[in-house]
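Results of the structural survey
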Amino acid sequence: MAVDFWLIARILIFPGFTFILLLTLFCDWIERKLEARIQNRVGPMVAGPAGLFQPLADFIKLLTKEEIEPRNAKKIVFKFAPLAAFAMMVFAMCFLPIDGGSVISTSGFPGDLVVILTFSTIASFMLFLSGWASSNPYGTISSARVLTQFLGYDIPLFILALTPAFIAGSLSIFAIASYQVTKVVPFIIMAPWAFILFLITIQAELEKDPFDVPDAESELVGGIETEYTGAKLAFLHLTRDVQIVFGAALIVELFLGGPYGPVIGGLPAFWYSLWFVLKLLAVVIVTEYVTTLFARLRIDQVLSANWKIILPLAVLSLMLTVAMITWVYPVL
Amino acid sequence: MANNEVDIVKVIESKFGSKVQVQPGLLGTAAINTNGLHREVLKAMVEADAKTGITAITGLDLGANLGVIFHVHTEKGFFGLRAEVPKEKPRLQTITDIIPGALFHELEVSDLFGIMFDGNELKGHFLLSENWPEGIFPLRKDVNPAEVKLGPSPPEEKIPEDKKIVKFIIGPQHPALLEPEKFSVTVEGEVVTKVEPRIGYVHRGIEKSAETRTYVQDVYLVERVCGICNACHAHGFVGAVEKILKTDVPPRAKYLRVIALELNRLHSHLLTLGHAGLEIGYETLFQYFWRDREPIMDLIELTSGNRVYASLMTIGGVRRDLKDTDIPKIKTTLSDLKKKLPFYRKVYTDEPSIRARMQNEGVLAKEDAIKLCVVGPVARGSGYDIDVRKDDPYEAYGEIPFKEIVYKTGDTWARMNVRMDELEESINIIEYALDNMPKGPFRVDVPRYVPIGEAIHRVEAPRGELFYYVKGNGSASPERVKIRTPTYANIPAFLKTAIGENIADVPPNFVSLDPCFSCTDR
């Protein structure tokens, strides 16, 4: 069997692993710089121009640090959960159309939206496992919070992800993204109510302020990361960052028309990647802006916000969407 | 005002007659030799004035006997109730059943002087470290701390095996605490059922070492009790010494001292308001407050020459005069800060996530505040209007108009808002002091040897009432220095309000006391 070098290059370099990794580190830099500027600080300054390489430098630094395992930790889970979480997130990213098609171009199949949402849930579960396996009281409480939070917010997330799927009439991300191009209008304009709710839910899924109860450092020290050191900690951090990019990418694909945009000469793949990155950065900036503006809620406030407000609104949003599809959109 | 003072003294004189001796003018309003009737006198005082509370308990080594002074505050008066116990059998009846807030004070005297209180027995150590040998009481005159041999370190604390109950240990090292102190918090689910404090991790024995240094050296030593409110500590000490010396501080020095004390309050409140933001995950608020705190630190440097430890106070006045050319600079900085305050006020009153985290959390009722003898913004947040600057004006505070900030709700939010409002009052006080500064000398010469005598001085530090007791023995060093810091009085309030709280509310509740453990432990 002939080795498909093209496919391997796509998986390993662009738009696969290397690209996703660099994009993640770049988004991390954007977030840190933005947060710093909002808070009247300078942010990263040293590594690279305007501290651009600081996230990479931090990652490499952590890789070189000593690895310590607590005596009571559940060794195997403790070792592999961070890696598994990271792998799950990158794998989920591979199904998103970045330069026009998804990374493994043959892998797009009807229903892959459900698959990638499931992958992201499994990744969150791996993070829970990593905290629980460390046998540290802070880690245990933090991972219990991770569990309660993502179990709660996954339900509205799935329901809200169905809104674009209903309008496009498909559960395939590729179909949803390209539907917005053929109909010209992205779903952010067709269903803004679902977009706003989805943004809030993603904020909660990603454990960012005001929903960052699992790593509330004033109560839980390092949260699930308390006992982690070295490379494992590096991968935990990286998983968090990929999760943020994944969340933003999901919003781009579902509501902002995916990577598609005007092609002004040259390779379409280049323009599509550019549009994808620009849209993604816009989402990252919005979520980070919200993060800096709020204080952290309490776990019970986070949960009651989910069950009493977000979930009913998500159901209402779905009903509204169905009504719009049946009676309003055909007329337009 | 005067009515009330006379009342208490009259009540005691009429009730006990010649059984107790009242010495008016000593140790505040009056010192009372109780001759073994300290509980009865205290009960009579509580009956006469419901706002009676304990400020501190001072232990003294009187040679053959050990002396105890209960420093009691009533609504407008301040009394010292003296009691004595023989060294061979140092036992006294507890007063915690009359005033629950005396708990910590009694334990401290037990630990440092070996005076045991019946009904409030000390087990192990309270302030001293676990490996301090039993039966050696460091503040007694016959103990030389350099000769004390420490025992072996105690074994590690066992965490209970019960699955339902998680014991959460906050400290000694914890990101929520800026200084080392330990709080074992027992939680069921996420609800706190019990808080056990262990203080003393930064006990440096400052009270003991003050006895071996001269008065001038002690001014700088007591500043080291706390880096944040250092001017208040220095002022508490020099204020007490000046009362023994009967020195009249020149009027200009009084105003200069007020400026130093209020700058202290400004930067301390800005620090806490920002730190509270950090505790509830509001990093932006933290960064903003601390950015605006920097110009105040610069003002402290401008007026005293030092950025942190001002070292401005000295016995008989201040060490440095204020240049007239510096006054416009101070005023510009303060008015810049004043312009920013409405924004912060709006954030603290209107921001939904702050309200969700702070309102109705850690509620301390007014009755509890009085019973537990809390001080400062914690008391004022609960509607208990005590402020030494108003109740017992020192320096130029009697001449400067300002408002006493009182909130009624008693929750974390109220305590932070008291500080928020006090920022503006502090700026007004400094501006008034700059405008009305009298001319003249800024210090007077004082003798190096302080006569036999004792005095107390109370200062309203940023965290609440700071209490100093100094006893002179005619030499160049004090016989005894007693320091009661505001955080020490406020920790019981935290222990009470934390019960039944969600674990996530413990850090913001705690930081609303503005805890300072270096102060607490001394």
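Keep in mind that what you see is a predicted model, and the values were worked out from it rather than measured. (Residues numbered from 1 in each chain as written. Chains lettered and ligands numbered in written order. Predicted model: local features only at pLDDT ≥ 70, side-chain atom pairs only at ≥ 80, totals over all residues.)

Considering the overall build of chain A
A count of helical and extended segments in chain A gives 13 helices and zero strands. The linear arrangement of helices and strands in chain A, starting from the amino end, is α-α-α-α-α-α-α-α-α-α-α-α-α. A compact globule built from 332 residues should have a C-alpha radius of gyration of about 20 Å, and chain A, at 20 Å, falls within 12% of that. On the principal axes, the C-alpha backbone points of chain A span a range of 65 × 50 × 50 Å. In chain A, which comprises 332 residues, the share counted as buried stands at 50%. (Helix = DSSP H or I, 4+ residues; strand = E, 2+ residues; numbered from the N terminus. Rg over C-alpha atoms; globule rule 2.2 N^0.38 Å. Buried ≥ 20, exposed ≤ 12 C-beta atoms within 10 Å, placed from the backbone.)

Considerations on the domain arrangement of chain B
Residues and elements named next belong to chain B. Annotation of chain B at the domain level lists domain 1 (2-147) and domain 2 (211-360 + 386-404 + 423-472). If you average the C-alpha positions of domain 1 and of domain 2, the two centres end up 29 Å apart. Each partner contributes residues to the interface: domain 1 has eight residues there, and domain 2 has seven residues. Sort the elements by how many residues they give to the side of domain 1 that touches domain 2 and strand E3 (residues 53-61) lands first, with three residues. Of the residues in the side of domain 1 that touches domain 2, the class split is three nonpolar, four polar and one charged. (Domains from an automatic or database assignment. Contact = placed C-beta atoms within 7 Å. Nonpolar A, V, L, I, M, F, W, Y, C, P; charged D, E, K, R; others polar.)

Some points on the environment of Met93(A)
Residue and element names in this part refer to chain A. For Met93, the position within the fold is in helix H4 (residues 75-93). Judged by C-beta crowding, with 26 C-beta atoms within 10 Å, Met93 ranks as buried. Considered as a pair, Met93 and Leu316 are 223 residues apart in the sequence and their alpha carbons are 29 Å apart.

Section: the interface of chain A and chain B
Where interface size is given, it is often the accessible area lost as the parts come together that is meant. Taken together, the contact between chain A and chain B spans 23 residues of the former and 26 residues of the latter. Of the residues that constitute the side of chain A that touches chain B, the class distribution is 10 nonpolar, five polar and eight charged.

Some remarks on the sheet that holds strand E14 (residues 464-472) of chain B
All names here are of chain B. Strand order in this open sheet of three strands is E13-E14-E15, and the pairing throughout is antiparallel. A single partner strand is all that each edge strand has here, and the edge strands are strand E13 (453-461) and strand E15 (478-484). Within the sheet, the average angular offset between the axes of one strand and its neighbour, ignoring direction, is 15°. Across the face of the sheet, helix H15 (residues 486-498) comes into contact with E13, E14 and E15 while running at roughly 130° to E14. (Pairing = 2+ DSSP bridges. Axes fitted to C-alpha atoms, helices over the stretch in contact; angles between N-to-C directions.)

Here's the deal with unusual backbone geometry
In this structure, Ser135(A) is a non-glycine residue whose phi angle is positive, near 55°. Positionally, Ser135(A) belongs in the loop between helix H5 (112-133) and helix H6 (137-168). With a phi close to 50°, Ser311(B) is a non-glycine residue in the positive phi region. For Ser311(B), the location among the structural elements is in the loop between helix H8 (283-304) and strand E11 (313-314).

Considering the sheet that holds strand E5 (residues 78-86) of chain B
Where strands meet in a sheet, backbone hydrogen bonds hold them as pairs that are either parallel or antiparallel. Residue and element names in this part refer to chain B. Strand order in the open sheet made by the five strands is E1-E2-E5-E4-E3, with mixed pairing throughout. Here the strands that pair on one side only, and so sit at the sheet edges, are strand E1 (21-24) and E3. Adjacent strand axes in the sheet meet at a mean angle of 20°, parallel and antiparallel pairs treated alike. Looking at chain direction, E1 and strand E2 (residues 30-33) are connected through four bridges and run antiparallel. Its bridge partner being in E2, Gln21 is matched across the sheet by Asn33. Of the strands in this sheet, E3 and strand E4 (65-73) touch helix H3 (residues 103-113), which is tilted by about 10° from E3.

A short note on the packing of helix H2 (residues 17-38) of chain A against helix H11 (residues 230-255) of chain A
Each pair of packed helices gets described by two things: the angle between the helix axes and the distance between those axes. Residue and element names in this part refer to chain A. Put simply, H2 and H11 touch, their axes get as near as 9 Å, and they point 90° apart. With respect to H11, the axis of H2 lies roughly perpendicular. Between H2, through Leu23, Thr24, Cys27 and Asp28, and H11, the contact on the second element is made entirely by Leu238, Asp241, Val242, Ile244 and Val245. A per-class count over the contact of H2 with H11 returns six nonpolar, one polar and two charged. (Parallel < 35°, antiparallel > 145°, perpendicular 65-115°, else oblique.)

Notes on the packing of helix H7 (residues 251-279) of chain B against H8(B)
All names here are of chain B. Between H7 and H8, whose axes approach to 8 Å, the crossing angle comes to 165°. The orientation of H7 relative to H8 falls into the category roughly antiparallel. Considering the relative orientation of H7 and H8, their crossing is left-handed. Per-class residue counts for the contact of H7 with H8 are 16 nonpolar, six polar and three charged. (Left-handed = near helix turned anticlockwise from the far one by under 90°.)

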